[in-house]
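# Structural description and commentary
The lines below spell out each chain.
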Amino acid sequence: MDRPSAFITEETEGAAIIYRPLPDLRRLYVEATNRCDAGCVMCMRRTWNEAQGDLDYDLFQGLMREVPRFPALEWLFFGGFGEPLLHPRLPDMIAEARRAGLRIKISTNGQYLPVLASEVVKRGVEEIIVSCDSPRENTYASLRGGSLGRLEEGIEALNEAKKRYGSPFPRLVLEFVAMKRNLEELKELPVLAARWGAASLLVTNLLPYSEGLKEEILYSYADAPRILRSGGFTPERPADIAGTIWKAAAEKWFTWGTVKLPRNVWGAFRRCSFVESYSAVVTWEGDVTPCYALSHSYPCFVFGRRKEVRKYSLGNLRHAGLYDIWASEEYVRFRGKVRLFRFPSCVDCELAYTCDYPAANQDCWGNAPSCADCLWAQDIIKCP
Ligand code: SF4
Ligand code: SF4
Ligand code: SF4
């Protein structure tokens, strides 16, 4: 990999852009593994042919040795597409990251928490985001392939460990992926939040990875008649996620916590929460990618249109350090383009259902990959 240049310039129509490759990374998402003990219907992993494996511990140690090169790096987030608690050395990884001065969040399905709750508390994890797409045992099992009872056992173990160690951490966040089949149950979630002592609820939308799920989405596009004319997906009136949750949260969940809701209509404003928060994702194979959306190869359906997304790796930690990858010309240019959001909007385009570009995650402005119909950039899909 080439050494980072002091400046990177780009000429556009009537203007020149100068980028400076700065070590301004603030948040690192680390996918400890792509293995999982659950089988969620809405998981990208169901469409994969990817091999399964864990992040190499030596690679992780090398990553931690680079932390001092990023003065603004504050958070390490164990998440991604796999269950982090299954990595056999996760407690050691948390300890290494804490020694490097990082604050830790973990995103988990919680099924392994009964075993690891003490470690999570003892090692100083600050926040734990637990997926809970239904407060009812039957729906939970049908959506996630795990057990709500087992999750409850894990949360109880976590709360007991917090008492034992006299720690308010980790804060508990419940994450709910809203779709047609579980929306009604969302209003029951605050009861669980109250019982479990959750500090926050995060509601996000579904990105269908399979044909069978594309009718389950709750978000819509404002100009529905135009989509109808083009013979595409028929969006219904956007479901009122906010109306479903607010009243129940106020009545049933007396806490200091917050409820974060997704946007539910595609609009003109686009902003990438990964790039704007100076984040990078490291996959279990050591690839450095700009976001979750581009961290794997998978098919998905955006407003009913099938897309094939290809992983966009800016470099692999086996061959280069994170600093050099972050400051590489390609990555700096990509982040600059995303910050200015120099992409067309395929969802607003009358050609969306006939044009070949979006299906290959490219666009007519010459971008590959393209962010032209990214649901994360609309805040329709939210990440913790
Ligand atoms: S818990 Fe997460 S990684 Fe595991 S199957 Fe469910 S969505 Fe996928
Ligand atoms: S790539 Fe361009 S022409 Fe094709 S759908 Fe997107 S905006 Fe329209
Ligand atoms: S806009 Fe979407 S695809 Fe583009 S970098 Fe951000 S999250 Fe990734």
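Let us look at the structure shown here. (Residues numbered from 1 in each chain as written. Chains lettered and ligands numbered in written order. Predicted model: local features only at pLDDT ≥ 70, side-chain atom pairs only at ≥ 80, totals over all residues.)

So, about the overall build of the chain. A tally of helices and strands in the chain yields 11 helices and 15 strands. Here the C-alpha radius of gyration of the chain, 21 Å, is about what a compact globule of 384 residues would show, namely 21 Å. Projected onto its principal axes, the C-alpha coordinates of the chain cover approximately 65 × 50 × 40 Å. Of all 384 residues assigned to the chain, the portion counted as buried reaches 42%. Residue pairs at least 24 apart in sequence account for 73% of intrachain contacts in the chain once pairs closer than 6 positions are excluded. (Helix = DSSP H or I, 4+ residues; strand = E, 2+ residues; numbered from the N terminus. Rg over C-alpha atoms; globule rule 2.2 N^0.38 Å. Buried ≥ 20, exposed ≤ 12 C-beta atoms within 10 Å, placed from the backbone. Contact = placed C-beta atoms within 7 Å.)

Tracing the backbone through its elements, the reader meets Met-179 in the loop between strand E7 (171-178) and helix H6 (189-196). A C-alpha to C-alpha distance of 22 Å links Met-179 and Gln-111, two positions 68 residues apart in sequence. For Met-179, the contacting residues outside a window of four places in its chain are Leu-206, Glu-216, Ile-217 and Leu-218.

Before going further, it helps to examine unusual backbone geometry. The linkage connecting Phe-169 with the following residue, Pro-170, adopts the cis geometry, with an omega of 5°. Each neighbour pair has its own omega, and for Ala-368 with Pro-369 the value is 5°, a cis peptide bond. The phi torsion at Tyr-278 lies on the positive side, around 55°, for a residue other than glycine. Considering the arrangement of structural elements, one finds Tyr-278 in the loop between helix H9 (273-276) and strand E12 (279-282). You can call Tyr-278 partly exposed: it has 18 C-beta atoms within 10 Å. Of note in the backbone geometry, Phe-341 takes a positive phi value of approximately 45° without being a glycine. Relative to the assigned elements, Phe-341 resides in the segment after helix H11 (329-339). Look at Phe-341 and you get partly exposed, because 16 C-beta atoms sit within 10 Å.

Moving on to the pairing of strand E14 (residues 298-302). Across the five residues of E14, four count as buried, placing the element largely inside the fold. Alignment of E14 against strand E15 (residues 305-309), held across five bridges, turns out to be antiparallel. Looking at E15, one finds that Phe-301 is bridged to Arg-306. (Pairing = 2+ DSSP bridges.)

The environment of ligand 3 is formed by Cys-272, Phe-274, Val-275, Pro-290, Cys-291, Ala-293, Leu-294, Val-338, Cys-371, Cys-374, Trp-376 and Ala-377. The residue makeup of the shell around ligand 3, split by class, is 12 nonpolar, no polar and no charged. (Near = placed C-beta within 6 Å. Nonpolar A, V, L, I, M, F, W, Y, C, P; charged D, E, K, R; others polar.)

Residues Leu-90, Met-93, Ile-94 and Ala-97 constitute the buried set of helix H2 (residues 90-99). The arc that holds the buried residues of H2, viewed along the axis, is 100°, so those residues lie on one side. On its buried face, H2 is in contact with helix H1 (57-65), strand E4 (75-78) and strand E5 (103-108). Following H2 by one or two positions, Gly-101 adopts a phi angle in the positive range, close to 90°. (Arc of directions from axis to C-beta.)

Pro-344, Cys-346, Cys-349, Leu-351, Ala-352, Cys-355, Tyr-357, Pro-358, Asp-363, Cys-364 and Ala-372 make up every residue found near ligand 2. For the shell around ligand 2, the residue count by class is 10 nonpolar, no polar and one charged.

One finds Leu-28, Val-30, Leu-174, Phe-176, Leu-201, Val-282 and Trp-376 to be the most contacted residues of the largest nonpolar core, which totals 102 residues. Counting residues per element, this core draws most heavily on E7, at six residues. Apart from residues no more than four positions distant in its own chain, Val-30 is found in contact with Leu-55, Leu-76, Phe-77, Phe-78 and Val-282. (Core = buried A, V, L, I, M, F, W, Y, C linked by C-beta atoms within 7 Å.)

Don't take any of this as a statement about function, it's just geometry.
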